[in-house]
Amino acid sequence: MSGKRIKMFLQWGGLLALCLAILELLRMVARKIDYSFSAIYDLLLIIVLIGIILVGTKQYRDSLKNKTITYAKAFGFGALITVTAFVLYFGYMFLHYKSIEPDGIDRINKKNEQLYLEKVQKDTLNSAELEHFLTTARQSLQCQTDTFVQQNDTADSACLRNAIDTINSYLSIRILGPKVKSDTALYAIKNFTRFARKTLWEITEQHIKTFPESNEACVRGIQQIVAETQKELDNYSPLSLRLEQSSSKIPRYDSIFTIAFISASLIFCYGIFVNIFTALYLYRKKETDSPENP
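Residues numbered from 1 in each chain as written. Predicted model: local features only at pLDDT ≥ 70, side-chain atom pairs only at ≥ 80, totals over all residues. Heavy atoms only, no water.

## Quick look at the overall build of the protein chain
Scanning the protein chain from N- to C-terminus turns up 10 helices and 0 strands. When the helices and strands of the protein chain are read in sequence order from the N terminus, they spell out α-α-α-α-α-α-α-α-α-α. For a compact globule of 294 residues, the expected C-alpha radius of gyration is about 19 Å, and the protein chain comes in at 33 Å, more than 25% above that figure. Based on the C-alpha atoms only, the size of the protein chain along its principal axes is roughly 105 × 45 × 30 Å. By element, 58% of the accessible surface of the protein chain is carried by carbon and sulfur atoms, the whole surface being about 17,100 Å². With 35 positive and 29 negative side-chain charges, the protein chain shows a spacing of 16 Å between the two charge centroids. (Helix = DSSP H or I, 4+ residues; strand = E, 2+ residues; numbered from the N terminus. Rg over C-alpha atoms; globule rule 2.2 N^0.38 Å. Areas by Shrake-Rupley, 256 points an atom, 1.4 Å probe, with all protein chains shown as cover. Lys, Arg positive; Asp, Glu negative; His and termini not counted. Charge placed at Lys NZ, Arg CZ, Asp CG, Glu CD.)

In structure tokens form, the structure reads like this:
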């Protein structure tokens, strides 16, 4: 490999790495000022990759005898530019997350978690998660019943406990029973807690309608117990439960080396992809222009 060729791909690879570093800095500044830069970044990234690899390879082609180049040589030179940019950009990204944006890894981890949460919010609860809710509701109702009985010496303990057991049974049937198509959205993670609380209260209202007027004190006790349980269930979060169970599925980075390598590798892949077409363009264009190929 000639010294001129080495100097050429190092020059263009270094320029590509510099432009990528500037784009990363612009993206960081945009985040700081809460400006949406993603679409602009993607466009500029494509322009930079195509422009530098194309112009760099073209300069190399024009330096050859007769200014003609084979596809293999065009692709190889573009690949050398990309490899050089990969190495230099990796070094920059390591420095970036080490000194310029030390909280960058935490930001990426939180973003990955947020993206996962946004994705699963429309998922429906599975059977284990439904059972977990029913267990939580049952324990809460039992605890509130015990508390109410202890605080009200005149309360009809047998009436209260029988009623709460019945409500628990109906709640289980409603939550785990056959579902119609319209129930699908109600069982989505983002909607389930509100739906479950409403269902608990509707079941309670339907059940206490069967009580005779003479049991008014028991009815008030049931309503108070269920109302307190609803307050506790308001804090029930199927989303947090899903996150806890699926935390291993969310990409998480702890090493600066790893995140810098991944960032540089993505650029390398994009560069090689672009290089396939830039090399083809330069090869075909010169082949068509050549007197030997009228």
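## Some remarks on the pattern of salt bridges
This structure, assessed with the given rule, holds 11 salt bridges. Salt-bridge contacts for arginine 242 lead to glutamate 129; the nearest nitrogen and oxygen are separated by 2.6 Å. Here arginine 242 is found in helix H9 (residues 238-245), whereas its partner glutamate 129 is found in helix H5 (residues 127-151), with 113 residues between them in sequence. Residues arginine 242 and glutamate 129 agree in their burial class; the two are buried. For aspartate 254, the salt bridge goes to arginine 252, with nearest N and O atoms at 3.8 Å. (Salt bridge = Lys/Arg side-chain N within 4 Å of Asp/Glu carboxyl O. Buried < 20%, exposed > 50% of the residue type's maximum accessible area, 1.4 Å probe, protein only.)

## Observations regarding the state of the cysteines
The final tally for this structure, using the stated rule, is 1 disulfide. For cysteine 159, the disulfide goes to cysteine 218, at an S-S distance of 2.1 Å. On the sign convention where negative means left-handed, the S-S torsion of about -100° between cysteine 159 and cysteine 218 marks this disulfide as left-handed. A residue pair is termed long-range when its members are at least 10 positions apart, and cysteine 159 in helix H6 (residues 157-176) and cysteine 218 in helix H8 (residues 216-233) qualify at 59 residues. Cysteine 269 takes part in no disulfide bond, and the closest cysteine sulfur to it belongs to cysteine 19, at a distance of 20 Å. (Disulfide = S-S within 2.5 Å.)

## Quick word on the confidence of the model for the protein chain
Averaged over every residue, the pLDDT of the protein chain is 89; residues scoring 70 or more account for 96%. Across residues 290-294, confidence stays below pLDDT 50; counting only partners more than four residues off in sequence or on other chains, it has 2 contacts. (pLDDT = per-residue confidence, 0-100. Contact = heavy atoms within 4.5 Å.)

## So, the packing of aromatic side chains
In the structure shown here, the tally under the stated rule is 16 aromatic pairs. Ring centres 5.9 Å apart and planes at 45° place the aromatic pair tyrosine 187 and phenylalanine 192 in the tilted group. Of the two residues examined, tyrosine 187 and phenylalanine 192, each falls in the buried class. Put simply, the rings of Phe86, Phe90, Phe257, Phe261 and Phe268 touch in pairs and so form one group of aromatic residues. One Lys or Arg, arginine 27, reaches over the ring of tyrosine 41 and ends 4.0 Å from the middle of that ring. (Phe/Tyr/Trp six-rings, centres within 6.5 Å; stacked < 30°, edge-to-face > 60°. Lys NZ or Arg CZ within 6 Å of the ring centre and 35° of its normal.)

## Description of the packing of helix H2 (residues 38-62) against helix H3 (residues 71-100)
With their axes 9 Å apart at the nearest point, H2 and H3 run at an angle of 130° to one another. The orientation of H2 with respect to H3, classified from their angle, is oblique. The two elements H2 and H3 cross, and the hand of that crossing is right-handed. Along the contact surface, H2 presents Tyr41, Ile52, Ile53, Gly56, Thr57 and Tyr60, while H3 presents Lys73, Ala74, Phe77, Gly78, Ile81, Thr82 and Tyr89. Partitioning the contact of H2 with H3 into residue classes produces 8 nonpolar, 4 polar and 1 charged. (Axes fitted to C-alpha atoms, helices over the stretch in contact; angles between N-to-C directions. Parallel < 35°, antiparallel > 145°, perpendicular 65-115°, else oblique. Left-handed = near helix turned anticlockwise from the far one by under 90°. Nonpolar A, V, L, I, M, F, W, Y, C, P; charged D, E, K, R; others polar.)

## Quick word on unusual backbone geometry
One non-glycine residue, aspartate 34, lies in positive phi territory at about 60°. A positive phi angle, close to 55°, is found at lysine 67, a residue other than glycine. Position of lysine 67 among the secondary structure elements: in the loop between H2 and H3. Under the relative-accessibility criterion, lysine 67 is labelled partly exposed at 43%.

## Digging into the packing of helix H7 (residues 189-208) against H9
At a minimum axis distance of 8 Å, the contact between H7 and H9 shows a crossing angle of 135°. Looking at the two axes, H7 sits oblique to H9. Within the contact between the two elements, H7 uses Ile189, Phe192 and Thr193 and H9 uses Pro238, Leu239 and Arg242. Taken together, the residues of the contact of H7 with H9 break down into 4 nonpolar, 1 polar and 1 charged.

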